[in-house]
Amino acid sequence: MAASSSVFTTSPSRNLASIPLHQSLSPPFIRSSSVAFRPKRRSSSLVLCSSDESKSTTEKEIPIELRYEAFPTVMDINKIQEILPHRFPFLLVDRVIEYTAGVSAVAIKNVTINDNFFPGHFPERPIMPGVLMVEAMAQVGGIVMLQPEVGGSRSNFFFAGIDKVRFRKPVIAGDTLVMRMTLVKLQKRFGIAKMEGKAYVGNSVVCEGEFLMAMGKEE
């Protein structure tokens, strides 16, 4: 084995050429790690580089419209207007993205610099007023309440009170306000409903509180 090693080291090309074809896979040749594994080490590093390059190229080839997940549409603005009585400039819900009948709703409000409250709140630093965030959340609560499963009346439905409201972060132009309202307690006999709400921008809670709704019957 030692003699074989010295022969390969001295003149590998000559000795390889002189080995007959039927002996090329003999055990001594396979056990020669210096010849068998050295080229494989180099080729693996090259494959790694080409793999990284192909991954980068693949990412660049993904169309922009497929890179970011869009909000689903459970109820569009036309359906929302069929449920809520609010209209411009006070309709503060753009789309419902999740709805569980008689239990909860998740909706979004796209906050833009064209919203009519920004010129006055504030000209130097546009921030969505906290009271309008609360109003938007109450409207999402109205989408839950004004459904057959709950039995609220569109012509006789009121936002009756709020409790434990906290504003965690400012909401600015360009943000998407995601609001979840959940029905906690319903007393149909007295026409009173209690709801819990949270509003988010990204992964951050920007507003939360408890809401009281008052319902009446169709006259």
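Residues numbered from 1 in each chain as written. Predicted model: local features only at pLDDT ≥ 70, side-chain atom pairs only at ≥ 80, totals over all residues. Heavy atoms only, no water.

Caption draft 1: Up close: the overall build of the protein. Secondary structure assignment for the protein yields 8 helices and 6 strands. Tracing the protein from N to C terminus, the helices and strands come up as α-α-α-α-α-α-α-β-β-α-β-β-β-β. Within the protein, the proportion of its 219 residues that are buried is 31%. Pairs at least 24 apart in sequence give 63% of the contacts found in the protein among residues at least 6 apart. (Helix = DSSP H or I, 4+ residues; strand = E, 2+ residues; numbered from the N terminus. Buried < 20%, exposed > 50% of the residue type's maximum accessible area, 1.4 Å probe, protein only. Contact = heavy atoms within 4.5 Å.)

Caption draft 2: Seen up close, the nonpolar core. Membership of the largest hydrophobic core comes to 41 residues, with the highest contact counts inside it found for M145, L177 and M213. Listing elements by their share of this core, those giving two or more residues are α7 (77-83), β2 (104-110), α8 (130-145), β3 (157-167), β4 (176-187), β5 (192-201) and β6 (204-215). Considering every element that reaches this core, the biggest residue donor is α8, with 10 residues. Ignoring anything within four residues of it in the chain, the contact list for L177 reads A107, I108, K109, V111, M128, M133, V171, A199, Y200, V201 and V206. (Core = buried A, V, L, I, M, F, W, Y, C linked by side-chain atoms within 4.5 Å.)

Caption draft 3: View of the pattern of salt bridges. Applying the stated criterion across every chain yields a total of 6 salt bridges. A salt bridge links D115 to K109; the shortest N-O distance between them is 3.1 Å. Looking at D115, the relative accessible area reads 13%, which means it is buried. Residue classification places K109 among the buried residues on the basis of a relative accessible area of 5%. Close ionic contact of E208 with R168 constitutes a salt bridge, the shortest N to O distance being 2.7 Å. In this pair, E208 sits in strand β6 while R168 sits in the loop between β3 and β4, placing the two residues 40 residues apart along the sequence. Several salt bridges converge on common partners, so that one network encompasses K164, K194 and E210. (Salt bridge = Lys/Arg side-chain N within 4 Å of Asp/Glu carboxyl O.)

Caption draft 4: Broad picture of the environment of G209. Along the chain, the position of G209 falls in strand β6. For G209, the contacting residues outside a window of four places in its chain are D163, K164, V165, M195, E196 and G197.

Caption draft 5: Structural view of the packing of aromatic side chains. As enumerated under the stated definition, the model contains 2 aromatic pairs in all. The interplanar angle of 25 degrees and the centroid separation of 5.8 Å between the aromatic rings of F159 and F211 together place this pair among those described as stacked. Placement of F159 in strand β3 and of F211 in strand β6 is noted, with a sequence separation of 52 residues between them. (Phe/Tyr/Trp six-rings, centres within 6.5 Å; stacked < 30°, edge-to-face > 60°.)

Caption draft 6: View of the side chain of D115. Relative to the assigned elements, D115 resides in the loop between β2 and α8. Within the local environment of D115, its side chain forms a polar contact with the side chain of K109, the two groups lying 3.1 Å apart. Apart from residues lying up to four places away in sequence, D115 is in contact with K109 and N110. (Polar contact = N/O pair within 3.5 Å; in protein donor to acceptor, adjacent residues only side chain to side chain.)

Caption draft 7: Representation of the environment of L132 within the structure. Tracing the sequence through the fold places L132 in helix α8. With sequence-adjacent residues up to four places away left out, L132 is seen in contact with F90, L92 and F117.

Caption draft 8: A look at the confidence of the model for the protein. Looking at the protein, the pLDDT average stands at 79 and 69% of residues meet or exceed 70. Per-residue pLDDT stays below 50 along residues 1-50; that stretch engages in 10 contacts with residues further than four places along the chain or on separate chains. (pLDDT = per-residue confidence, 0-100.)

Caption draft 9: Structural detail: the sheet that holds β2. An order of β1-β2-β4-β5-β6-β3 is seen for the 6 strands of this open sheet, with the pairing classed as antiparallel. The sheet is open, and its two borders are formed by β1 (95-100) and β3, each paired with just one other strand. Averaged over neighbouring strand pairs, the angle between their axes works out to 20 degrees when direction is ignored. Note: β5 against β6, 10 bridges, orientation antiparallel. In the sheet register, A199 faces β6, and the bridge partner there is C207. Here α8 sits on the sheet and contacts β1, β2, β3, β4, β5 and β6; the angle it forms with β6, its principal contact strand, is near 55 degrees. (Pairing = 2+ DSSP bridges. Axes fitted to C-alpha atoms, helices over the stretch in contact; angles between N-to-C directions.)

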